[in-house]
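Listed below, chain by chain, are the residues.
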Amino acid sequence: MGFVDYEVKGNIAVITINREKALNALNSEVLDDLEKVFDGVDVNTVRCLILTGAGEKSFVAGADIGEMSTLTKAEGEAFGKKGNDIFRKIETFPIPVIAAINGFALGGGCEISMSCDFRICSENAMFGQPEVGLGITPGFGGTQRLARTVGVGMAKQLIYTARNIDATEALRIGLVNQVVPQADLMATAEKLASTIAGNAPIAVRACKKAINDGLQTNIDDALVIEEKLFGSCFESYDQREGMANFLRKKDDPAKVKHVDFKNE
Ligand code: DAK
């Protein structure tokens, strides 16, 4: 659809931001398309998503500077809200979303990657929040998520200096989990997604919710969140079958079988 492609591959799917001529910069149309694609994902069959950018040069080179250049204060706030709403939708999406970063992840590009569950990138990837060099603040959650991802001091340094960092430095500061050659990026992301998709989907979703929600509150309330989600797994086929299989294995290794989790 439009500027965003969607490809289902069994129980995983790939969402590709495809505005290659502008290095996949996010204008209003791209944001609208992205929202529609996420709204259309069938989370009962797809168990893990990969978000990437078209081409070998750029993941997302930021929000569209041309579109932003003429915004009024009210329009700027509205544009910020549009981006924040869709990024929050990604962050709280019921199934995991892996960012596969294939090049520039600047400004809004770095920000959208941080709304994903975790990031892997190609060796040519570049990250940064260049906004203060353009006379604005990061407006799609960068001031909030970068500090939560790499720590306050490092986030402040990156944002105040507007300095870009390469893949090696992104790995060192914990912004990405893994750096791979460009040619291996999608295969690596798909393998990770398939591993996740092979585990009990109700449990994976509950883990995502427990981690996300728990980080927004104090440790006592966070542990209650975990207890509730843990308890909810005990009404699932996946829990009964997963544990029964372990016990069968102990009883007789010949009885080991692949557990076909059912998402129910
Ligand atoms: N917006 C629009 N077009 C972009 C773009 C962007 N962010 N980045 C690249 N392009 C376009 C270029 O204009 C060029 O288009 P044509 O001239 O061919 O038509 C094409 O992509 C290829 O780019 P270059 O010719 O510049 O390619 P180079 O290899 O020479 O350089 C580059 C690649 C990524 C280093 C360079 O393009 C660059 O510096 N791009 C801008 C990166 C950047 O500053 N990104 C951050 C944008 S600011 C807010 C909401 C959101 C935000 C802030 C506030 N609120 C409402 C409060 C978010 C802000 C941002 O993301």
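What counts and what doesn't
- Residues numbered from 1 in each chain as written.
- Predicted model: local features only at pLDDT ≥ 70, side-chain atom pairs only at ≥ 80, totals over all residues.
- Heavy atoms only, no water.
- Patch = residues over 30% accessible without salt bridge, like charges linked within 9 Å, V, L, I, M, F, W, Y side chains within 5 Å.
- Areas by Shrake-Rupley, 256 points an atom, 1.4 Å probe, with all protein chains shown as cover.
- Salt bridge = Lys/Arg side-chain N within 4 Å of Asp/Glu carboxyl O.
- Helix = DSSP H or I, 4+ residues; strand = E, 2+ residues; numbered from the N terminus.
- Buried < 20%, exposed > 50% of the residue type's maximum accessible area, 1.4 Å probe, protein only.
- Near = heavy atom within 4 Å.
- Polar contact = N/O pair within 3.5 Å; in protein donor to acceptor, adjacent residues only side chain to side chain.
- Nonpolar A, V, L, I, M, F, W, Y, C, P; charged D, E, K, R; others polar.
- Pairing = 2+ DSSP bridges.
- Axes fitted to C-alpha atoms, helices over the stretch in contact; angles between N-to-C directions.
- Expected span 1.5 Å × (residues − 1).
- Phe/Tyr/Trp six-rings, centres within 6.5 Å; stacked < 30°, edge-to-face > 60°.

Some remarks on a nonpolar patch on the surface
Phase 1 of the analysis: Residues Ile 65, Leu 134 and Ile 136 make up a contiguous nonpolar surface patch of roughly 260 Å² in combined accessible area.
Phase 2 of the analysis: Along the chain, Ile 65 turns up in helix 2 (residues 65–68).
Phase 3 of the analysis: Judged by relative accessible area, Ile 65 falls into the partly exposed class, the value being 47%.

Digging into the site of the ligand
Phase 1 of the analysis: Taken together, 25 residues are adjacent to the ligand, and Lys 57, Ala 61, Ala 63, Gly 76 and Gly 108 come closest.
Phase 2 of the analysis: Here an oxygen atom of the ligand and a side-chain polar atom of Lys 57 are 2.6 Å apart.
Phase 3 of the analysis: Ile 65 has a polar backbone atom sitting 3.0 Å from a nitrogen atom of the ligand.
Phase 4 of the analysis: Of all the secondary-structure elements, those providing two or more residues to the shell around the ligand are helix 2, helix 3 (73–91) and strand 6 (104–106).
Phase 5 of the analysis: With 3 residues, helix 3 is the largest single contributor of residues to the shell around the ligand.
Phase 6 of the analysis: Its residues placed into classes, the shell around the ligand shows 14 nonpolar, 7 polar and 4 charged.

Observations concerning the sheet that holds strand 3 (residues 48–53)
Phase 1 of the analysis: As summarised here, the arrangement of the 6 strands in space is 1-2-3-5-7-10, forming an open sheet in which the pairing is mixed. Of all strands in the sheet, those with a lone pairing partner are strand 1 (4–9) and strand 10 (178–180), marking the two edges. When the angles between neighbouring strand axes are averaged without regard to direction, this sheet yields 20 degrees.

Some remarks on helix 8 (residues 185–198)
Phase 1 of the analysis: Here helix 8 is 14 residues long and its end C-alpha atoms lie 20 Å apart, about the 20 Å a rise of 1.5 Å per residue gives.
Phase 2 of the analysis: Listed in full, the buried residues belonging to helix 8 are Leu 185, Thr 188, Ala 189, Glu 190, Ala 193, Ile 196 and Ala 197.

Looking at the sheet that holds strand 4 (residues 58–60)
Phase 1 of the analysis: A sheet is described by the order of its strands in space; here 4 strands give the open sequence 4-6-8-9, paired in mixed fashion. A strand with exactly one partner marks an edge of an open sheet, and here the two such strands are strand 4 and strand 9 (165–166).
Phase 2 of the analysis: Of the pairings in the sheet, the one linking strand 4 to strand 6 comprises 2 bridges and is parallel in character. Bridge assignment links Val 60 to a residue of strand 6, and that residue is Ala 105.

Observations concerning the packing of aromatic side chains
Phase 1 of the analysis: Summed over the entire model, instances satisfying the criterion amount to 4 aromatic pairs.
Phase 2 of the analysis: Relative to Phe 140, the ring of Phe 79 has its centre 5.4 Å away and its plane inclined at 55 degrees; by these criteria the two rings are tilted. Highlighted residues: Phe 79 in helix 3 and Phe 140 in the loop between strand 8 (126–128) and helix 5 (142–150), separated in sequence by 61 residues. Phe 140 shares its class with Phe 79; the two are buried.

Describing unusual backbone geometry
For residues other than glycine, phi is negative in most cases, and the peptide bonds are mostly trans.
Phase 1 of the analysis: Unlike most non-glycine residues, Leu 23 shows phi in positive territory, near 55 degrees.
Phase 2 of the analysis: Here Leu 23 falls in the partly exposed class, since its relative accessible area comes to 25%.
Phase 3 of the analysis: Phi is positive for Ala 162, close to 60 degrees, though the residue is something other than glycine.
Phase 4 of the analysis: Tracing the backbone through its elements, the reader meets Ala 162 in the loop between helix 6 (152–161) and strand 9.

Quick word on the pattern of salt bridges
Phase 1 of the analysis: Counted under the stated rule, the structure contains 14 salt bridges.
Phase 2 of the analysis: Between Lys 82 and Asp 32 there is a salt bridge, with its nearest N and O atoms 2.5 Å apart. Separated by 50 residues along the polypeptide, Lys 82 in helix 3 and Asp 32 in helix 1 (residues 28–40) bring together distant segments of the chain.
Phase 3 of the analysis: Among the residues examined, Lys 82 registers a relative accessible area of 29% and is labelled partly exposed.

Focus: helix 9 (residues 201–215)
Phase 1 of the analysis: Compared with the 21 Å implied by 1.5 Å per residue over 15 residues, the 21 Å span of helix 9 between its first and last C-alpha is a close match.
Phase 2 of the analysis: When we look at burial in helix 9, the residues that qualify are Pro 201, Val 204, Ala 206, Lys 208, Ala 210 and Gly 214.

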